[in-house]
4 protein chains.
Amino acid sequence: MKFSTEVQVRFADMDAYGHLNHATFFTYLETARTIAFRGIFLDLMSKGQLLLVVNAECSYKAPIGPTDRAIVTMQLEKSKRSSFTLGYRVHDGEERTFAEAKTVMICFDENRGKPVAVPPELKEVLSQV
Amino acid sequence: MKFSTEVQVRFADMDAYGHLNHATFFTYLETARTIAFRGIFLDLMSKGQLLLVVNAECSYKAPIGPTDRAIVTMQLEKSKRSSFTLGYRVHDGEERTFAEAKTVMICFDENRGKPVAVPPELKEVLSQV
Amino acid sequence: MKFSTEVQVRFADMDAYGHLNHATFFTYLETARTIAFRGIFLDLMSKGQLLLVVNAECSYKAPIGPTDRAIVTMQLEKSKRSSFTLGYRVHDGEERTFAEAKTVMICFDENRGKPVAVPPELKEVLSQV
Amino acid sequence: MKFSTEVQVRFADMDAYGHLNHATFFTYLETARTIAFRGIFLDLMSKGQLLLVVNAECSYKAPIGPTDRAIVTMQLEKSKRSSFTLGYRVHDGEERTFAEAKTVMICFDENRGKPVAVPPELKEVLSQV
C-alpha cells in the first residue's frame, strides 16, 4: 500500500535559480513522513525515542517551480528490527515526476544511546504505507 | 475585506525549542501573500518588477507547535502610489492567536532601479484583501 | 558597548529574487545573538528557561546578494526585570547598511509557564553588549 | 587534492530533536561548493548556465549540535563532459565524522534547455579540488 500527501510549495523554498532548492526536497519527504506518522512520531519523541535518518538519497528528474503542485507518494521498501527503508516519488499528481528518493530510518533511544526495535504502533502504520 | 489561507506546518519549521522559529513566521506571512497574489506576483517578477518588503514587524502571542494548524488572515491597511501596508493575524482558525504582524511592501523596478506605481492588476487584488 | 559578528552568507539563503530572503534577516540576527550568548543560552535551555522573541521588527535598506559580507552589530537598548530589547545593524563592515532591526526578548520558564527574571549570568553578558 | 571549508552552524539549523536537520546537511555541502566555486558559479548563472544537482546522497554518522564545528572537505570523484561527482566528508576538524556524502552535478544551459560541457574555468577549479 502507498501513502500520498501534498506538500504546500512556498515561495521561500525556491533558491536564486528560481526552483525548489535541492536540499528542500528532503524537507518535503520529511513533511510527508511526519504527516503519515503524526501522532506516533511526537509520542515517541516525548519518550526520547527518535526516528533518525541514517541514509538519504534523491534523484532529481525535473525542477519544481513556485506554481507547481508537489505530491509525495511513499511506500515501505524494507523493514528490519530497528530500521526501515522508505521509497518516495515526488510528482505533480499527474504524469510529471520531480524526484525519486529513499531514506533509511532508524529508531534510536536517546536515553540509552542506542537503536531500539521499531515500536509496534509504528510497525502497524508502516504496514499500511 | 480579508483574505485567509492555511499554511502547512512542517516539522522542519520547528527549532530546538520545539516551536516554530520566530523568523519562520515571516515565511508564513510571505506564503499567504504569494497565495493571495499568485499570478500577478510571478508575472511582475518576469518583468523585473519586484515586491519588496521594506519593513516587517511581528508580535508573538503564543507558540506554534508541530501539530497546530496555522491560518494567516491578512488585510490591506494602507495604500500609497508605490507602496502598501498589509496587516496579518496568524491563528488556529478558532480563538487562539499566534501572532499579529505587519509588512510594508514596495513595488520596485529592478531595471530602472527605483520604486514604481503599484500596477493596476495588483491594486485590484489588494482592494479585495 | 557593542557586539559585532559576521554571519556566513549561504547561497540557499537567497530566494528567487536572487537576494537574501527578508525572513532570513531574522535568522542572521538570531545567529549573532546565539554567538554573543552562546554558553548561557544553551545552559538556560537545558534548565527549561527559554529566551523568547516577543516582538521583532526590521527595516530593510539594501539587498544582500550571494557575494556580500554580512556583519551584525548589536547593542542592548533596554533592560527590564524579565525582558530586554536588542538593537541591530546589519552591514558590510564598511559603509553599507543592509538593515536595522530590533527584537524584544523575554526570559520564559517552560516548567512554570511564566516569565522569569533575566538570570545574572545573562545580565552580565548583556551589560557588555 | 582536497578543498576544506568551515560552515557556520546556526541555531536555526537545528530541528525539534536539537540537532542539525538531515536536509540541512545538503545545504552545508552546497555552501562549501559555492565557496569553492564562488566567482565561476555566479558568472555561469548570469549566462543562464546552471550547476544542477541530479543526484545527492548522504550517510549520517553522528549528530551535529548547536556548539559543534562543521567542516566540509570535498574532492572530485568523477569527471565527465557535462557532469561531475563530488565526494564530501562533514567533520569537526578532528576525529569526528558527522556525515559522508556525494553529489552528482550537471552543467545545464537554461536557454538551450540541455546539458552543456563543463566550462574550462570550472574544469580548472575542479582539477584542484
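Refer to the structure presented above.
What counts, and at which threshold
Each chain has its residues counted from 1, running along the sequence as written. For naming, the first written chain is A and the first written ligand is 1, with later ones following in the order written. Thresholds applied to this predicted model are a pLDDT of at least 70 for local features of residues and 80 or more for the giving and counting of side-chain atom pairs; totals over whole chains, interfaces and linings are not thresholded and use all residues. Runs of E in the DSSP output that reach at least two residues are strands. Runs of H or I that reach at least four are helices, and both are numbered from the N terminus. The quantity called the radius of gyration is restricted to C-alpha atoms. Its globule counterpart is 2.2 Å times the number of residues to the power 0.38. Whether a residue is buried, exposed or partly exposed is read from the other C-beta atoms within 10 Å of its own C-beta, which are placed from the backbone; 20 or more gives buried, 12 or fewer gives exposed, and intermediate counts give partly exposed. By definition, residue pairs are in contact when their C-beta atoms, positioned from the backbone, come within 7 Å. Superposing copies: least-squares fit, C-alpha atoms only, residues required to have pLDDT of at least 70 in both. Residues are grouped as follows: nonpolar covers Ala, Val, Leu, Ile, Met, Phe, Trp, Tyr, Cys and Pro; charged covers Asp, Glu, Lys and Arg; every other residue, Gly included, is treated as polar. Two strands make a pair as long as DSSP finds a minimum of two bridges between them. The span you would expect from a helix comes to 1.5 Å times its residue count less one. Bend, in this description, refers to the angle at a residue between axes fitted to the seven residues ending there and the seven starting there.

Asker: Help me understand the overall build of chain A, please; the structure alone is not making it clear to me.
Answerer: For chain A, the helix and strand inventory stands at two helices and six strands. Starting at the N terminus and ending at the C terminus, chain A contains elements arranged as β-α-β-β-β-β-β-α. Here the C-alpha radius of gyration of chain A, 15 Å, is about what a compact globule of 129 residues would show, namely 14 Å. Principal-axis analysis of the C-alpha atoms gives chain A an extent of 45 × 30 × 25 Å. Of all 129 residues assigned to chain A, the portion counted as buried reaches 42%. Nonlocal contacts in chain A, meaning residues at least 24 apart in sequence, comprise 66% of its contacts between residues at least 6 apart.

Asker: I tried to follow the relation of the copies chain A and chain D on my own but got confused; where do I start?
Answerer: Each of the two copies of the chain can be brought onto the other by a rotation about an axis and a shift along it. Once chain A is rotated about the relating axis by 180 degrees and shifted along it by 0.0 Å, it coincides with chain D to within an RMSD of 0.0 Å. Both copies of the chain, as the preceding transformation shows, are related through a two-fold rotation axis. Relative to the rotation axis, the C-alpha of A:Glu57 is the closest in chain A, positioned 2.1 Å from it. Same-surface contact between copies: 100% of interface residues of chain A are shared with the interface of chain D.

Asker: Please explain the environment of C:Cys107 as it appears in this structure.
Answerer: Tracing the backbone through its elements, the reader meets C:Cys107 in strand 5 (residues 97-109). Remark: the alpha-carbon pair of C:Cys107 and C:Lys78, spanning 29 residues in sequence, is separated by 14 Å.

Asker: What am I meant to see in the relation of the copies chain A and chain C here?
Answerer: The transform that puts chain A on chain C rotates by 180 degrees and translates by 0.0 Å along the axis, for an RMSD of 0.0 Å. A symmetric contact is evident, with 100% of the interface residues of chain A recurring at the interface of chain C.

Asker: I tried to follow the interface of chain A and chain D on my own but got confused; where do I start?
Answerer: Interface size is commonly expressed as the accessible surface area that is lost when the partners come together. Listed by partner, the interface residues are 16 residues for chain A and 16 residues for chain D. Elements supplying a minimum of two residues to the side of chain A that touches chain D: helix 1 (22-46) and strand 2 (49-60) of chain A. Here the side of chain A that touches chain D takes nine residues from strand 2 of chain A, the largest share from any one element. Along the lines of polarity and charge, the residues of the side of chain A that touches chain D split into nine nonpolar, five polar and two charged. As defined by bridge partners, strand 2 of chain A adjoins strand 2 (residues 49-60) of chain D across five bridges and the pair is classed as antiparallel. When the bridges of strand 2 of chain D are listed, A:Asn55 appears paired with D:Ser59.

Asker: Whenever I open this one, the pairing of strand 3 (residues 70-79) of chain D confuses me. Can you help?
Answerer: When a strand is regular, its side chains alternate between the sheet's two faces. Residues and elements named next belong to chain D. Across five bridges, the pairing between strand 1 (residues 3-7) and strand 3 is antiparallel. Looking across to strand 3, one finds that Thr5 is bridged to Val72. Here eight bridges tie strand 3 to strand 4 (residues 83-91), and the two strands are oriented antiparallel to one another. Note that in strand 4 the partner of Gln75 across the bridge is Gly87.

Asker: Honestly, helix 1 (residues 22-46) of chain B in this entry has me stumped. Any pointers?
Answerer: Since there are 3.6 residues in each turn of an α-helix, residues three or four apart along the chain are aligned in direction. All names here are of chain B. With 25 residues, helix 1 ought to run about 36 Å at 1.5 Å a step, yet its terminal C-alpha atoms sit only 31 Å apart, falling short of that. Approximately 90 degrees is the largest bend angle found in helix 1, and it occurs at Phe37. Looking one or two residues past helix 1, Gly48 carries a phi angle of roughly 80 degrees, positive in sign.

Asker: Is there a simple way to think about the pairing of strand 2 of chain D in this case?
Answerer: Here eleven bridges tie strand 2 of chain D to strand 5 (residues 97-109) of chain D, and the two strands are oriented antiparallel to one another. Following the sheet pairing, D:Cys58 is matched in strand 5 of chain D by D:Ala101.

Asker: Please explain the environment of B:Asp13 as it appears in this structure.
Answerer: Residue and element names in this part refer to chain B. Here Asp13 shows up in the loop between strand 1 (3-7) and helix 1. Sequence separation between Asp13 and Gln49 is 36 residues; the distance between their C-alpha atoms is 29 Å. Here Asp13 is in contact with Leu20, Asn21 and Thr24, once residues within four sequence places are set aside.

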